[in-house]
Amino acid sequence: MNKLDAQRQKEIQQAEELLFAGPQALRFAKGRFQGHFVSDWVMPYPRIPAAQQIELNDALTELRKFLDEHLDPAEIDRQADIPRSVIDGLGRTGVLGMTAPKEYGGRGFSQMANCKVLEEIGSRCASTSVFVNAHHSIGIRALLLFGTHEQKQKWLPKLVTGEQLGAFALTEKEAGSDAANVQMQARPSEDGSHFILNGEKRYITNAAIAHELTVMARTPVPGSDKTAVTAFLVTPDMAGFEMLEERMPKMGIRGTATGRFALRDVKVPKENVLGPLGKGLKVALTVLDFGRTTFGACCTGAAKTCLELAIQHANTRKQFNKTLGNLRRLGILSRSSAGANDA
Ligand SMILES: Cc1cc2nc3c(=O)[nH]c(=O)nc-3n(C[C@H](O)[C@H](O)[C@H](O)COP(=O)(O)OP(=O)(O)OC[C@H]3O[C@@H](n4cnc5c(N)ncnc54)[C@H](O)[C@@H]3O)c2cc1C
């Protein structure tokens, strides 16, 4: 097989890996490609149902009070650490399990309501919002979406309160944008009771502070010499789990613990496989889809704060006896404030 054919074969295999064998539901974007415009799903802009809005308002009031009193973003940035007291408080206010079902101790909020919560946190501290995202939006998301009832019952109660923290580990040296190129191997044991994991992960938010990590590794495809990605629940107390770098230095969001770790012959029980064997890439990309919406909400919050601060400065700082906003070149900034804040 020449190089081009091999590459094409690899891409076909990845595409097949991404598709579950079950029937494919119609989605808005897919519908457009197929000539369907499913307007009900996007127009009018989805609103939070009235009953949930009341619950959301209460949650936001409680959260704002906590953040006003206990969150110091400048100190978090200086110390490059989020204090445990802040994490505990986020747990108490329900933030660490907002969308988890109530039966597992979560708040049962919709993804949209959770975006409002993360926008609030993102408007105050980027590190804290990324920490919450890594724990909730991607860390425990695979468990929420693909976990069995037994797995959820076992793992979620402590994770939704913040007593334990979660992380999501896909990225490796050779698997960045090319997420399908995961090299970490998961070999089944002879008696089939567990998998033996080997490889390294990097750029993993919360890796050094997490008690549960959703780890992507390659498992053999039965009856062939191929491998496919599978998701595993890994805990740092498993023998062979080695933290290589707890906090990789960063220029921004310095408060988050972005880590690098290795798994060396780590035995992971077969009960810790998350979702179907060999469908881990689909698990990972679905999880990331959820993360993207809440990460986006954090950025919207941060952007609104930046805009407000810029406007405030332009309206108070005086030079040449005029506020900056009244100097001709900058006037546009303060005048456009009302419209821009609608974002
Ligand atoms: C602060 C931080 C936290 C992170 N947290 C996590 C985490 O919790 N879990 C986790 O699994 N990962 C995490 N990551 C990893 C992150 O998902 C990867 O950094 C990301 O997937 C990009 O991979 P890369 O850095 O290797 O960049 P590369 O893949 O090397 O890309 C470099 C540049 O090339 C561009 N590029 C790549 N391929 C193409 C292409 N085909 N066409 C055009 N342009 C292309 C990219 O857009 C990018 O601009 C984190 C990263 C950071 C920086």
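Residues numbered from 1 in each chain as written. Predicted model: local features only at pLDDT ≥ 70, side-chain atom pairs only at ≥ 80, totals over all residues.

Draft legend 1. Representation of the overall build of the protein in the model. For the protein, the count of helices and strands is 12 helices and 10 strands. On the principal axes, the C-alpha backbone points of the protein span a range of 80 × 50 × 45 Å. Looking at the protein as a whole, 36% of its 343 residues are labelled buried. (Helix = DSSP H or I, 4+ residues; strand = E, 2+ residues; numbered from the N terminus. Buried ≥ 20, exposed ≤ 12 C-beta atoms within 10 Å, placed from the backbone.)

Draft legend 2. Highlighting the environment of Gly122. Along the chain, Gly122 turns up in helix H6 (residues 111–122). With 172 residues separating them in the primary sequence, Gly122 and Thr294 have C-alpha atoms 9.8 Å apart.

Draft legend 3. The arrangement of the nonpolar core in detail. Membership of the largest hydrophobic core comes to 75 residues, with the highest contact counts inside it found for Ala169, Leu197, Met216, Phe232 and Leu274. With sequence-adjacent residues up to four places away left out, Ala169 is seen in contact with Lys201, Ile204, Ala207, Leu213, Thr214, Val215 and Met216. (Core = buried A, V, L, I, M, F, W, Y, C linked by C-beta atoms within 7 Å. Contact = placed C-beta atoms within 7 Å.)

Draft legend 4. Looking closely at the domain arrangement of the protein. Partitioning the protein into domains gives domain 1 (3–41), domain 2 (50–164), domain 3 (167–287) and domain 4 (299–342). The interface of domain 2 with domain 3 comprises 23 residues on the first partner and 21 residues on the second. Secondary structure elements with two or more residues in the side of domain 2 that touches domain 3: helix H4 (73–79), helix H7 (126–139), helix H8 (141–146) and helix H9 (149–161). Top element by residues in the side of domain 2 that touches domain 3 is H7. It accounts for 9 residues. (Domains from an automatic or database assignment.)

Draft legend 5. Highlighting the site of the ligand. Around the ligand, the neighbouring residues are Ala134, Phe168, Ala169, Leu170, Thr171, Gly176, Ser177, Tyr203, Ile204, Thr205 and Thr258. Residue assignment for the shell around the ligand shows that the elements contributing at least two residues are strand E1 (166–169) and strand E3 (194–205). Element by element, the count of residues in the shell around the ligand is highest for E3, at 3 residues. Class assignment for the residues of the shell around the ligand results in 6 nonpolar, 5 polar and no charged. (Near = placed C-beta within 6 Å. Nonpolar A, V, L, I, M, F, W, Y, C, P; charged D, E, K, R; others polar.)

Draft legend 6. Unusual backbone geometry, seen in detail. Notably, Asn206 is not glycine yet its phi reads approximately 75°, a positive angle. Following the sequence through the fold, Asn206 ends up in the loop between E3 and strand E4 (212–220). A positive phi is found at Ile253, a non-glycine position, where the angle reads about 30°. Look at Ile253 and you get partly exposed, because 19 C-beta atoms sit within 10 Å.

Draft legend 7. Broad picture of helix H3 (residues 50–70). An ideal rise of 1.5 Å per residue puts 30 Å on 21 residues; H3 measures up with 30 Å between its terminal C-alpha atoms. Summarising the contacts, the buried residues of H3 are in contact with H6. (Expected span 1.5 Å × (residues − 1).)

Draft legend 8. Just the packing of H6 against helix H10 (residues 280–316), in detail. Running from N to C, H6 and H10 cross one another at 40°; their axes reach a closest spacing of 7 Å. By the angle between their axes, H6 is oblique relative to H10. In this structure, H6 meets H10 at a crossing whose hand is right-handed. Contacts between H6 and H10 involve Gln111, Asn114, Cys115, Leu118, Glu119, Glu120, Ile121 and Gly122 on the former and, on the latter, Phe290, Thr293, Thr294, Ala297, Cys298, Cys299, Thr300, Gly301 and Ala302. Residues belonging to the contact of H6 with H10 are distributed by class as follows: 8 nonpolar, 7 polar and 2 charged. (Axes fitted to C-alpha atoms, helices over the stretch in contact; angles between N-to-C directions. Parallel < 35°, antiparallel > 145°, perpendicular 65-115°, else oblique. Left-handed = near helix turned anticlockwise from the far one by under 90°.)

Draft legend 9. Representation of the pairing of E1 within the structure. Where burial is concerned, the two faces of E1 agree: the one with Gly166 and Phe168 and the one with Ala167 and Ala169 are both buried. As defined by bridge partners, E1 adjoins E4 across 4 bridges and the pair is classed as parallel. Residue Gly166 lies in a different strand from E4, and its bridge partner there is Glu212. (Pairing = 2+ DSSP bridges.)

Draft legend 10. Representation of H9 within the structure. Spanning 13 residues, H9 covers 18 Å between terminal C-alpha atoms, matching the ideal 18 Å at 1.5 Å per step. The largest bend in H9 amounts to roughly 45° and is located at Trp155, with the proline Pro157 lying one to four residues further along. Turning to H9, its buried residues number three or more, namely Trp155, Leu156, Leu159 and Val160. Tucked into the core, H9 has its buried residues touching H8, E1, E4 and strand E5 (227–234). (Bend = angle between axes of the 7 residues up to and from the residue.)

Draft legend 11. Looking closely at the pairing of strand E2 (residues 185–188). Sheet topology places E2 next to E3; 4 bridges connect them, and they run antiparallel. Following the sheet pairing, Ala186 is matched in E3 by Leu197. Where E2 folds back on E3, the antiparallel hairpin that results is connected by 5 residues, among which Gly192 adopts a positive phi of roughly 75°.

Draft legend 12. Representation of the packing of H7 against H10 in the model. Direction vectors running N to C along H7 and H10 enclose 160°, while the axes themselves pass 10 Å from each other. Relative to H10, the element H7 is oriented roughly antiparallel. Crossing handedness for the pair H7 and H10: right-handed. In this structure, H7 contributes Ala126, Ser129, Val130, Asn133, Ser137 and Ile138 to the contact, and H10 contributes Val287, Leu288, Phe290, Gly291, Thr294, Phe295, Cys298 and Ala302. Broken down by class, the residue content of the contact of H7 with H10 amounts to 9 nonpolar, 5 polar and no charged.

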